[in-house]
Amino acid sequence: MKPITTGNHCSHCGHDKAPSKAPLGALYTCPMHLEIRQDHPGYCPICGMALEPLIAASEGDDSEYFDIRRRFIIGAVLTVPILVLAAVKTIPYSAWIQFVLSTPVVLWAGWPFFERAWRSIVNRSLNMFTLIALGIGAAYSYSVAAVLFPGTFPDSFKEKGELFIYFEAASVITVLVLLGQVLELRSRSQTGKAIQSLLGRAAKSAHLIVNGREEEASIDQVQVGDLLRVKPGEKIPVDGVITEGTGFVDESMISGEPLPVQKQAGDEVTGGTLNGTGSFLMKAKRVGSETILARIIQMVSEAQRSRAPIQKLADQVSGYFVPVVILIALLSFIIWAWVGPEPRYVYALVNAVAVLIIACPCALGLATPMAIMVGVGKGAEMGVLIKNAEALETLEKVNTVVVDKTGTLTEGKPKVIQIIPTTMHQEIELLRLAAGLEQNSEHPLALAIIQAAKDRNIEIPTAEEFHSMTGGGVEGKVAGHHLLIGKMELFKGLSDLSIQAKEFQEKGQTVVFVSIDGHAAGMIVVADPIKKTTHQAIEELHNLGIKVIMLTGDSTASANAVAKSLHIDQVYSGVSPQDKNRVIAQLRLGGNVVAMAGDGINDAPALAAADVGIAMGTGTDVAMESAGVTLVKGDLMGIVRAISLSRATMRNIRQNLFFAFVYNVLGVPIAAGILYPFIGLLLNPMIASAAMSFSSVSVILNSLRLKKTIL
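The shown structure was predicted, so the numbers you read here are calculated from the model rather than taken from an experiment. (Residues numbered from 1 in each chain as written. Predicted model: local features only at pLDDT ≥ 70, side-chain atom pairs only at ≥ 80, totals over all residues. Heavy atoms only, no water.)

1. Considerations on the overall build of the chain
Within the chain, the secondary structure is distributed over 24 helices and 27 strands. A burial count over the chain gives 51% of its 711 residues as buried. Long-range pairs, those at least 24 residues apart, make up 66% of the contacts in the chain between residues at least 6 apart in sequence. Accessible surface for the chain amounts to roughly 32400 Å². Of this, 58% is attributable to carbon and sulfur atoms. (Helix = DSSP H or I, 4+ residues; strand = E, 2+ residues; numbered from the N terminus. Buried < 20%, exposed > 50% of the residue type's maximum accessible area, 1.4 Å probe, protein only. Contact = heavy atoms within 4.5 Å. Areas by Shrake-Rupley, 256 points an atom, 1.4 Å probe, with all protein chains shown as cover.)

Structure below.
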């Protein structure tokens, strides 16, 4: 198969870039060069690394790992006798035996290095494999020439009339680099486990109801509107709504809550969650790539492959690094051949090879993408979906978090918290009649009263002569009684109740007054409860040194009451959706790095205007599209986890970059022999190879530490 052709070419190598809207599952890309995409496995023409699928399969493709491991094992077996022969000089035909044994090690086991090096030259994009191939090739070619044509070498290559040969160095370097590749491939496979875990949660089949009969169908056959049966212990196949029956559903995948949630007719269910007990019928609402689970997988995959701004530094250094290293190796050879001790050319060759091998920039290239992949995967496991690496990096710098009130700090669903009847009425009767009248209203307060009656298993009567008044109330007849429900302004003679009502209103709660047959019957107090974890979340944000600001369209009294109870630093109340952008802009102009958290359509512009937008996963699709971070659970503690994750990831990246930079800054001069005039130290190319492989694996293992980060 040919690479996908788009007419859009990579500035590095001239290869076609894949279209951004191409099917993710069909494409392979390089974790360090995302512009390289093709529809089949292979190697990156820029850095030589193996291409990876944009979305990891549930059963990973380990063909490259097994191929490299086979080459390593066979190469290692052949290298052992070469080392013995090199150590014991008296064995007859030792040089020829080493030649025979090392040839398959270098030319077969190490062939992938030469293949990738050739591609780097053809594509004019020198990389780590260019240096490896040059180092191994130089040592092996020189040794072959020394065996086949010994008389052509001058005395500068000889000691006591004998030529040095480096078959053992070429073989050991090949085997050690292969070992590094094996460990790297094995470690890198762990970064895809987050996605593989998500993929493993998807149902493979569904019970489809067709003409009243139940049929087994594969998940890709389910369409929107289909009726499905979900039995006890089964995964819910797609997103939908229950039409009949009940079940206790484990939604920990989405909410993080370990306790099952009871679901009944009218409730929505999410594909991939687990039905514990009970059986129900459901209507498919979202299928295939539109389900919440599929969107989460796609978001995580794209984020893992995105670039953080800090990676530009590594890219810029890598672009000049290989040519500079080749120049240093050449200068090292010239200087040793010119002023080095005898045999000068042997010293020159050994040190030039050591420079080429130790300076491979693999660790530098892996420093950022590996940490990003692990960090984003860790976030997905915690219910924190990072849209891209830039958002992850920016989160670290956030010093101000702006939050909406309704649906972010609070549940977003008003609830009846108290019923206060007059002495002439009973609490249950007051709620029963009020719910009967409010059945005809769609106001959020009416829904709260109706739900309160249902929660108490009260039989709700029907209403007659229902009328909604412009002044903010409703009236009608229920069970033979005339009812009036609404604001205090609609009533007279409520002095005692109004005093109590004022106390509730000062706390940000809403009071609904009820009159029965022309007499004050009592009041119902409704509030939007603050989420259980909000207090802890704000406290922990303060501990992280972050200022918390509430930005809401609610009244000043309501906003201030909530802010006071939560110890919020600053409040902007009565703010329209248009003005939210203005407030965010003012905060940013004041030198703040702002993260905005919201859940509604009216929050979308402000989410886009902030340095980082954080959408509550329980909110609207528009808000989620406008945000750089989505909290699946819709819990404010997710912001704490997201910021902590960002700080841990960026700290890890800096550790990786520091290690890679310092390693090369120290390693290259030592390999070139700078310490030889002072302490007589030279770096054997085999040691250089081991150090190079260790540096790459160390960066990966350091990145994998993020998986164990406790947030």
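The structure having been displayed, the exposition proceeds.
2. Observations regarding the side chain of Thr130
Along the chain, Thr130 falls in helix 4 (residues 128–148). Within the structure, Thr130 has its side chain in polar contact with the side chain of Ser120 (distance 2.7 Å). Those residues in contact with Thr130, other than ones at most four positions away along the chain, are Ala117 and Ser120. (Polar contact = N/O pair within 3.5 Å; in protein donor to acceptor, adjacent residues only side chain to side chain.)

3. Remarks on the sheet that holds strand 22 (residues 519–527)
Read from one edge to the other, the open sheet built from six strands follows the order 17-22-21-20-19-18, with strand pairing classed as antiparallel. Of all strands in the sheet, those bounded by a partner on one side alone are strand 17 (415–421) and strand 18 (463–469). With strand direction ignored, the average angle separating the axes of adjacent strands in the sheet is 20 degrees. Strand direction decides the pairing type here: strand 17 and strand 22, joined by six bridges, are antiparallel. Counterpart to Ile420 in the pairing with strand 22 is Met523. Set on the sheet, helix 15 (residues 444–455) makes contact with strand 17, strand 21 (510–516) and strand 22; between it and strand 17 the angle comes to about 75 degrees. (Pairing = 2+ DSSP bridges. Axes fitted to C-alpha atoms, helices over the stretch in contact; angles between N-to-C directions.)

4. Re the pairing of strand 19 (residues 473–478)
Each regular strand shows side chains that alternate between the opposite faces of the sheet. Where strand 18 lies against strand 19, five bridges are found, and the strand directions are antiparallel. Bridge assignment links Met469 to a residue of strand 19, and that residue is Gly473. Taken together, the six bridges between strand 19 and strand 20 (residues 481–486) define a ladder with antiparallel strand orientation. Within strand 20, the position partnered with Glu475 by the bridge is Leu484.

5. So, helix 11 (residues 362–381)
Counted at 1.5 Å a residue, the expected span for helix 11 with its 20 residues is 28 Å, and the 28 Å between its end C-alpha atoms agrees. Along its length, helix 11 shows its largest kink, about 30 degrees, at Thr368, and proline Pro369 lies within four residues downstream of that point. Counted residue by residue, helix 11 has 19 buried out of 20 residues, so it is predominantly covered. In the stretch just after helix 11, Gly383 is the one whose phi turns positive, near 85 degrees. (Expected span 1.5 Å × (residues − 1). Bend = angle between axes of the 7 residues up to and from the residue.)

6. A short note on the environment of Asp226
Inspection of the secondary structure puts Asp226 in the loop between strand 7 (213–218) and strand 8 (227–230). The spatial distance from the C-alpha of Asp226 to the C-alpha of Lys285 is 8.4 Å, given a sequence separation of 59 residues. When sequence neighbours within four positions are dropped, the list of residues in contact with Asp226 reads Leu208, Gln221, Met282, Lys283 and Ala284. Of the polar contacts made by the side chain of Asp226, one reaches the backbone nitrogen of Gln223; its length is 2.9 Å.

7. Side note on the packing of aromatic side chains
Remark: the centre distance and the inter-plane angle together describe each pair of aromatic rings, the angle taken between the planes. All told, the structure shown has 10 aromatic pairs when counted by the stated rule. For the ring pair Phe113 and Phe129, a centre distance of 6.0 Å and an interplane angle of 20 degrees mean the geometry is stacked. Here the residue Phe113 occupies a position in helix 3 (residues 111–122), and Phe129 occupies one in helix 4, the gap between them amounting to 16 residues. By the burial criterion, Phe113 is buried, and Phe129 matches it. For the pair Tyr140 and Phe167, a centre-to-centre distance of 6.1 Å together with 65 degrees between the ring planes defines the contact as edge-to-face. Taken as a pair, Tyr140 in helix 4 and Phe167 in helix 5 (residues 167–189) lie far apart in primary sequence, 27 residues in all. (Phe/Tyr/Trp six-rings, centres within 6.5 Å; stacked < 30°, edge-to-face > 60°.)

8. What about helix 24 (residues 685–704)?
Over its 20 residues, helix 24 extends 29 Å from the first C-alpha to the last, a length consistent with the 28 Å expected when each residue adds 1.5 Å. Among the 20 residues in helix 24, 15 count as buried, and that is most of the element. In this structure Asn684 caps helix 24, since a side-chain oxygen of it lies 2.8 Å from the backbone nitrogen of Met686.

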